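Observations on the three-dimensional arrangement
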Amino acid sequence: MKTIAKTGNEAMAYAMKQINPDVVAAYPITPATEIVQIFSNYVADGEVDTEFVAVESEHSALSACVGASIAGGRVMTSTSSQGLALMHEILYIAAGNRLPIVIALVNRSLSAPINIHCDHSDTMGSREAGWMQLYCANSQEAYDSLIIALKVAEQTAVPAIVSTDAFIISHAMERLEVLEDEEVQRFIGEYKPRFSALDLENPKTFGPLDLQDYFFEHKRAQIDDFSKVLGTYNKVAQEYAELSGRYYPALEEYKTDDADVAIFTAGSTADTAKEVVDGLREQGRKVGLVRMRMWRPLPVEEIKAALGKFKAVAVMDRSDTMADFGGPVFLETRGILYDAKKKPLLTDYVYGLGGRNIDISDILRVYDEIEQVAKQGKIDKLITYLGVRGEE
Amino acid sequence: MASLKELSKRTEGLVGGHRACAGCAASTAIRQILLAAGDKPTVTGICTGCMEVVTTIFPYTAWNVNLVHNAFENSAATVSGMEAAYRALKRKGKIDAEIQFIAFGGDGGTYDIGLQSLSGAIERRHKMLYVCYDNEAYMNTGYQRSSATPYCAHTTTSPAGTKIPGKPQKRKDLTEIIIAHDPAYAAQATPGYYMDLIRKVEKALAADGPSFINVLSPCVPGWGYPLNQTMNISKLAVETLFWPIYEWQDGKYKINMKPREPKPLVDFLKLQARFRHLLKPGNEHLLEELQAEVNRRWEVLLRKEQATNG
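To keep things clear, this report deals only with the structure shown in the data block. These figures come from a predicted structure and were not determined experimentally.

It is worth spelling out the overall build of chain B at this point. Counting secondary structure elements, chain B contains 12 helices and eight strands. Relative to the 2.2 N^0.38 estimate, which gives 19 Å for 310 residues, the radius of gyration of chain B is 19 Å and therefore close to what a compact globule would have. Residues counted as buried form 57% of the 310 residues belonging to chain B. Contacts spanning at least 24 positions in sequence make up 70% of the contacts within chain B whose residues lie at least 6 apart. A total of about 12400 Å² of accessible surface is found on chain B, and carbon and sulfur atoms cover 55% of it. Placing the 37 positive and 30 negative side-chain charges of chain B at their respective mean positions leaves the two points 2 Å apart.

Here it is as structure tokens:
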């Protein structure tokens, strides 16, 4: 174990180097460009023996990854925002073919208007594609999660997206601890594909036409396998904790035991909110934080158990659903809590779209308001667009 | 080059039981291509389209070789990835066979929606053969026009009406676009001249880099001709100069068939329902335009051959 200073992008590129995949096919996009740029230097210097395919679009990047994965390779790529949107069609194909591809993603707004900064609209728009989704709070976690995700993906045959917040994590230098190359290789093990299009003895047709008579059963089987990801994740995260000393639950709770109210959020905002929680705790206020780390598949029971403890919860969404009903985390959380025995009052704060800064004072305000909700036992305003000019 | 006798002894890559239309040229072409490739292990990919749909309906498949279907526009990118994985796994000692890669796409998946993916794959110089089976429209979805559809052809989205006589634009010259990429080998062929096609597949697979063959594949329901005329029509396309069969390698053009006396284009057109409206009185000028365009392109091709072999 050694300690180094790296940005989120550098940390992800470093994890990719230690994983040493067979194929990386990628197309540059801000702010994820650095990941494959750094990785291409590893290729050029012979530090990995990966085939790096510098394709002409994100659509072809994921298409080439699908080909490489069906051929039996260990495969990764990286993208962000419009790039993930351009991959959207192929996300479903990768998942439907049970290909354990891993995307190192940097969360960035979707156009229009064009914007290169952080929100979660890109990955939230891909929720239904059948990919495991992990949201990281810092560079250390991005590094660790990429390694964990690869192993979970390969064990479950479910592809994975590991994401960091644009610029806030991707470009900010942090202290992190990394494993030795051999430790990573030992942890992930040799990749043994379930099938390969290069297996000449047993020729197969991959991605055939599948009509009314079989498609539904195949999808049902995929959904069934997808629901097993959480169990595998818990096991692998435990193994990783034994190796590294760092444990990442699918859902993280912070100072929640005796809390009356909590914020439920994801990504880098969770780290900022922890600071606020610490400060408020010193004042004797009973506040906590629940962080959504794995968002696909949904850790339903965990969310129910965690949020059921509070009188009131403020969901903080870094994207909107255009349903006129707040963000995706809010919508899904309300769905989860509908039949819960104990449920909190639930409000939504849509914040930080297009990289709008979220600071300690904003989060303090959310805690003030949610405490007020708990106290009066009712919600005045269900959905708040936090920090938007003309809204306050 | 493998003789017919040798080819007849090889294992078929595409076998019977698929659901292609009677008289389909594309299925014949793919069968011929896989026979030509058949002396070495071959792994294939295909775009969404007629041939994918009729050969892979789960739980059946007509493919005797590994086939990967991804989506409509990305057969070239998908096979790029397979070829990259092959190189990586070979380098790591996990694979020892010598495998050749062939990607297939129809004209929709190649001329149109898949052009970017194909262009990228050739530019990156993946060692693969890309075959376009060109039936000159989106036949799988019911005869809609593509950029490979010829001028004045009737399709369901370029119908011959009272004001507009079929597709108002000329066809895109994809073979020349690919040649501009400087591939290792490029050619036009058709299953009517099957030994020419087989020889071209062998050359393409032996070439050191990306190669491309554009195969004209007459389509019975789309073009509207009697189903026993497929091979006749694919030969007529060459004999009327509508579809010159030629190849390009190392900067040199070679026309493989120069009819001593080319047949008039109308001999090719009159057999097909998609051009029926052109034979009606008052449309003589369109026939003249079509003939003039075929002659012009032939002249250009002759000059290219002359200029690059001088």
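With respect to the helices and strands, serine 27 of chain B occurs in helix H2 (residues 25-37). Contacts of serine 27 of chain B, omitting those with residues within four sequence positions, involve Leu14, His18, Ala20 and Met51 of chain B.

Take the interface of chain B and chain A next. Taken together, the contact pairs 42 residues of chain B with 44 residues of chain A. By the criterion of area lost to chain A, the three top residues of chain B are Phe58, Asn66 and Lys92 of chain B, representing 19% of everything that side buries. Our count for the chain B to chain A interface comes out at six salt bridges. Of the charged contacts, one joins glutamate 56 of chain A and arginine 124 of chain B as a salt bridge, the two residues approaching to 2.9 Å between their closest N and O atoms. Counting the contacts that link chain B with chain A gives 18 residue pairs in polar contact (both at pLDDT 80 or more).

Moving on, we come to the pattern of salt bridges. Using the criterion set out here, one finds 53 salt bridges over all chains in the structure. The partner of glutamate 252 of chain A in a salt bridge is arginine 291 of chain A, and the shortest N-O contact between them spans 2.6 Å. A residue pair is termed long-range when its members are at least 10 positions apart, and glutamate 252 of chain A in strand S10 (residues 251-254) and arginine 291 of chain A in strand S12 (residues 287-292) qualify at 39 residues. Here lysine 172 of chain B ties to aspartate 112 of chain B by a salt bridge, and the two come within 3.8 Å at their closest N and O atoms. Of this pair, lysine 172 of chain B sits in the loop between strand S4 (129-134) and helix H7 (174-179) while aspartate 112 of chain B sits in helix H5 (residues 107-112); the two residues are 60 residues apart in sequence, bridging distant segments of the chain.

Attention shifts here to the pairing of S12 of chain A. All names here are of chain A. In terms of residue burial, S12 counts as a mostly covered element, since six of its six residues are buried. Burial along S12 is two-sided: the residues Val287, Leu289 and Arg291 and Gly288, Val290 and Met292 are all buried. The sheet contact formed by strand S11 (residues 261-266) and S12 spans six bridges and is parallel. Its bridge partner lying in S12, threonine 265 is registered against arginine 291. The β-α-β motif built from S11, the intervening helix H10 (residues 268-282) and the parallel element S12 has right-handed crossover chirality.

So, about the packing of aromatic side chains. The final tally for this structure, using the stated rule, is 14 aromatic pairs over all chains. Judged by centre distance (5.3 Å) and plane angle (75°), the ring pair of phenylalanine 187 of chain A and tyrosine 240 of chain A falls under edge-to-face. With a gap of 53 residues between them, phenylalanine 187 of chain A in helix H7 (residues 181-188) and tyrosine 240 of chain A in helix H9 (residues 229-244) connect regions that are remote in the sequence. The exposure class of tyrosine 240 of chain A is buried, given its relative accessible area of 0%. Here the aromatic residues Trp223, Tyr225, Phe242 and Phe268 of chain B are joined through ring pairs into a cluster of three or more. One cation-aromatic arrangement involves lysine 274 of chain A over tyrosine 254 of chain A; the distance from NZ or CZ to the ring centre is 5.4 Å.

Rules used in this analysis
Residues numbered from 1 in each chain as written. Chains lettered and ligands numbered in written order. Predicted model: local features only at pLDDT ≥ 70, side-chain atom pairs only at ≥ 80, totals over all residues. Heavy atoms only, no water. Helix = DSSP H or I, 4+ residues; strand = E, 2+ residues; numbered from the N terminus. Rg over C-alpha atoms; globule rule 2.2 N^0.38 Å. Buried < 20%, exposed > 50% of the residue type's maximum accessible area, 1.4 Å probe, protein only. Contact = heavy atoms within 4.5 Å. Areas by Shrake-Rupley, 256 points an atom, 1.4 Å probe, with all protein chains shown as cover. Lys, Arg positive; Asp, Glu negative; His and termini not counted. Charge placed at Lys NZ, Arg CZ, Asp CG, Glu CD. Buried area = accessible area lost by both parts, 1.4 Å probe. Salt bridge = Lys/Arg side-chain N within 4 Å of Asp/Glu carboxyl O. Polar contact = N/O pair within 3.5 Å; in protein donor to acceptor, adjacent residues only side chain to side chain. Pairing = 2+ DSSP bridges. Right-handed = clockwise from strand over helix to strand, strands pointing away. Phe/Tyr/Trp six-rings, centres within 6.5 Å; stacked < 30°, edge-to-face > 60°. Lys NZ or Arg CZ within 6 Å of the ring centre and 35° of its normal.

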